[in-house]
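# Topology and contacts: notes
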Amino acid sequence: MANTRTVVEILNNSLAKIAEVKNLYPITQQGMLLRYSQELSDYGKCMFRVSTKDPLWNTYGDIFVPHQYHVRIKRGTTTVWQGAIIDNKSRNKNYVEVNAAEYEFYLDKIRIKRNTSAPASWTAQYGTDGGWVNYRNFETGTMATAVTAIITEAIAGFGTQHVLGAMTLGTIETPDYPNNFVTSATIPVPMTGPWTFTSDVALQFDYHSVKYVLQAFGGYTGADFEITKDLVFNFKKFIGSNRQYELTFQYGTFGNIVDYDVPRFGGRMANDVMGIAVDDNGVVLHVSETDNASITTYGLMQDSKNFTDVKNENILRARLVEELKFIKTPNDSIVNIVLNEKSYPLGQYGIGDIVTVKVKDHIIDFNKPRRIVGVTVNLHSTGREMVTLQTNKPKEDQYGAI
């Protein structure tokens, strides 16, 4: 995919430009020079190599030290990727390999703060026992309030010497309760509207990372998070746009897909799942979720799953419903497509977007909306780009996203 000139810049810890890497050393025998990726609610990576004979070593010294320097990739004047150098996986007589990660990487390198006082559920069950200091309980307030607190604490924890010490809060949204949430009353009442933590919807974590907790929140609600290139943290109900009717990636003579992989994973399938957890009172919780259509088509396939951070049936049910979506049929698997030069240019689609993927090739007939959850770009020495999209099945409530 021929595009605007791509430039790799090295930044200091204040994110000021130090140098431009002008002579990239090949990372493959086929002449690829650069690879970078982005992931939804996770960190993408970047990899390139610098010749040990490159003049920049004499001019700037060793500016590829992990966690002290950063990488910014530009296409023309647009920044398309930015992150911190985290590894030099090889340093030999020919080259130094530079491995970098987007800033969400650091959210996995800082733990959430634990409780500063005994939560109500702990006092009711354990009295004056001081074990609550090993946990972080979410029992009151909205999810936006919880996320804001977690990130604010992380920023303070990183301190001014860390690049994420300069991170700021952007859009922090409270997603709605998933379907099938009910109160614990004698006659259960459906819980609807924005997510608020209560005794019926509570979470407990111990020494987990901030990234782990944010991904758990997203798993329960379908929400997404990101750190932008300007170090702004966003937690949204949906990142991306529903563009399935305007953007179609198609395989064929006149299509824009040069290669594809549409796997069917039946080995991991289950259509009757039993979830097991223990609440704050030590009561073992059991929740079962089944998919009758899958059972009718493929036969009964049972599985059981244990969850240590789940403390009530609503959360347990949400986890099972989310997992069942991706394991109830062999077709609900990640689909990867490699684009050719006829495809839409980079920037016209992005992480989180819902698009249409069509593959009609002999016995393979695939035509479905898919959500882009990963983008990988490989840059060749000729300046051509090869783009690979990683997609999964959108959730039912995401089709109305705008």
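Below is a summary of the structure that appears in this document. Just so we're clear, the structure is a prediction, and the values are computed from it rather than from any experiment.

Let us look at the overall build of the chain. Scanning the chain from N- to C-terminus turns up 6 helices and 22 strands. In summary, the chain has a C-alpha radius of gyration of 24 Å against a globular reference of 21 Å for 402 residues, a match within 12%. Considering only C-alpha atoms, the chain reaches an extent of 70 × 55 × 35 Å along its principal axes. Here the chain holds 402 residues, and the buried ones make up 49% of them. By sequence separation, contacts in the chain at least 24 residues apart represent 64% of the contacts at least 6 residues apart. Of the accessible surface of the chain, which amounts to about 19,200 Å², a share of 49% is contributed by carbon and sulfur atoms. The chain carries 40 positive and 42 negative side-chain charges, and their two centres are separated by 7 Å.

The next subject is the side chain of Asn242. By the element assignment, Asn242 lies in the loop between strand E13 (232-236) and strand E14 (248-251). Among the residues examined, Asn242 registers a relative accessible area of 16% and is labelled buried. Among the polar contacts listed, one links the side chain of Asn242 to the side chain of Gln244, at a separation of 3.3 Å.

Here the focus is the pattern of salt bridges. Counting across every chain of the model gives 18 salt bridges. Here Glu385 and Arg75 are joined by a salt bridge, their closest N and O atoms 3.1 Å apart. One end of the pair, Glu385, is in strand E22 (residues 385-392); the other, Arg75, is in strand E6 (residues 70-75), with 310 residues separating them in the sequence. Note on Arg75: relative accessible area 12%, which makes it buried. Taken together, the salt bridges that share partners define one network made up of Glu9, Lys17 and Arg72.

An order of E10-E13-E12 is seen for the 3 strands of this open sheet, with the pairing classed as mixed. Looking at which strands have only one partner, the edges of the open sheet turn out to be strand E10 (168-172) and strand E12 (224-227). Ignoring which end each strand starts from, the neighbouring axes of this sheet average 15 degrees apart. Pairing between E10 and E13: 3 bridges, direction parallel. If you follow Leu169 over to E13, its bridge partner there is Phe233. Helix H3 (residues 143-158) contacts E10 and E13 of the sheet and is inclined by roughly 165 degrees relative to E10.

The next thing to look at is the nonpolar core. If you look at the biggest cluster of nonpolar residues, it comprises 57 residues, and the most contacted ones within it are Leu164, Phe217 and Phe233. If one sorts the elements of this core by residue count, H3 sits on top with 8 residues. In this structure Phe217 touches Phe138, Met143, Ala146, Val147, Ile150, Phe197, Leu203, Phe205 and Phe235, once residues within four positions along its chain are discounted. Listed in part, the 47 residues of the second largest apolar core include Leu40, Val80, Ile85 and Leu247.

Within the structure shown, the criterion is met by 19 aromatic pairs. Between Trp195 and Phe197, the aromatic rings sit 5.8 Å apart at their centres with planes inclined by 70 degrees, giving edge-to-face as the arrangement. Pair check on accessibility: Trp195 and Phe197 agree, each one buried. Within the aromatic cluster, the residues linked to one another by ring pairs are Phe138, Tyr177, Phe181, Trp195, Phe197, Phe205, Tyr212 and Phe217.

The next subject is unusual backbone geometry. At Leu15, a position not held by glycine, the phi torsion is positive, near 65 degrees. Considering the arrangement of structural elements, one finds Leu15 in the loop between strand E1 (6-11) and strand E2 (17-21). Although it is not a glycine, Ser41 sits at a positive phi angle of roughly 55 degrees. Along the chain, Ser41 falls in the loop between strand E4 (32-39) and strand E5 (45-51). Its relative accessible area of 13% is what places Ser41 among the buried residues.

A few words now on the sheet that holds strand E18 (residues 302-306). The sheet built from 3 strands is open, its strands ordered E17-E16-E18 with mixed pairing. The open sheet has two free edges, formed respectively by strand E17 (284-290) and E18, since each of these has just one partner strand. Each adjacent strand pair in this sheet contributes to an overall mean axis angle of 20 degrees, direction not counted. Here strand E16 (residues 272-278) runs beside E18; their pairing, made up of 5 bridges, is parallel. Its bridge partner lying in E18, Met274 is registered against Ser304. Across the sheet, helix H6 (residues 313-327) touches E16, E17 and E18, and the angle it forms with E17 is around 35 degrees.

On to H3, then. Counted at 1.5 Å a residue, the expected span for H3 with its 16 residues is 22 Å, and the 22 Å between its end C-alpha atoms agrees. What H3 keeps buried is the set Met143, Ala144, Ala146, Val147, Ile150, Ile151, Ala154, Ile155 and Phe158. Projected onto a plane normal to the axis of H3, the buried residues spread over an arc of 165 degrees and lie on a single side. The elements touched by buried residues of H3 are strand E9 (136-138), E10, helix H4 (210-221) and E13. The first or second residue beyond H3 is Gly159, which carries a positive phi of 80 degrees.

Criteria and cut-off values
Residues numbered from 1 in each chain as written. Predicted model: local features only at pLDDT ≥ 70, side-chain atom pairs only at ≥ 80, totals over all residues. Heavy atoms only, no water. Helix = DSSP H or I, 4+ residues; strand = E, 2+ residues; numbered from the N terminus. Rg over C-alpha atoms; globule rule 2.2 N^0.38 Å. Buried < 20%, exposed > 50% of the residue type's maximum accessible area, 1.4 Å probe, protein only. Contact = heavy atoms within 4.5 Å. Areas by Shrake-Rupley, 256 points an atom, 1.4 Å probe, with all protein chains shown as cover. Lys, Arg positive; Asp, Glu negative; His and termini not counted. Charge placed at Lys NZ, Arg CZ, Asp CG, Glu CD. Polar contact = N/O pair within 3.5 Å; in protein donor to acceptor, adjacent residues only side chain to side chain. Salt bridge = Lys/Arg side-chain N within 4 Å of Asp/Glu carboxyl O. Pairing = 2+ DSSP bridges. Axes fitted to C-alpha atoms, helices over the stretch in contact; angles between N-to-C directions. Core = buried A, V, L, I, M, F, W, Y, C linked by side-chain atoms within 4.5 Å. Phe/Tyr/Trp six-rings, centres within 6.5 Å; stacked < 30°, edge-to-face > 60°. Expected span 1.5 Å × (residues − 1). Arc of directions from axis to C-beta.

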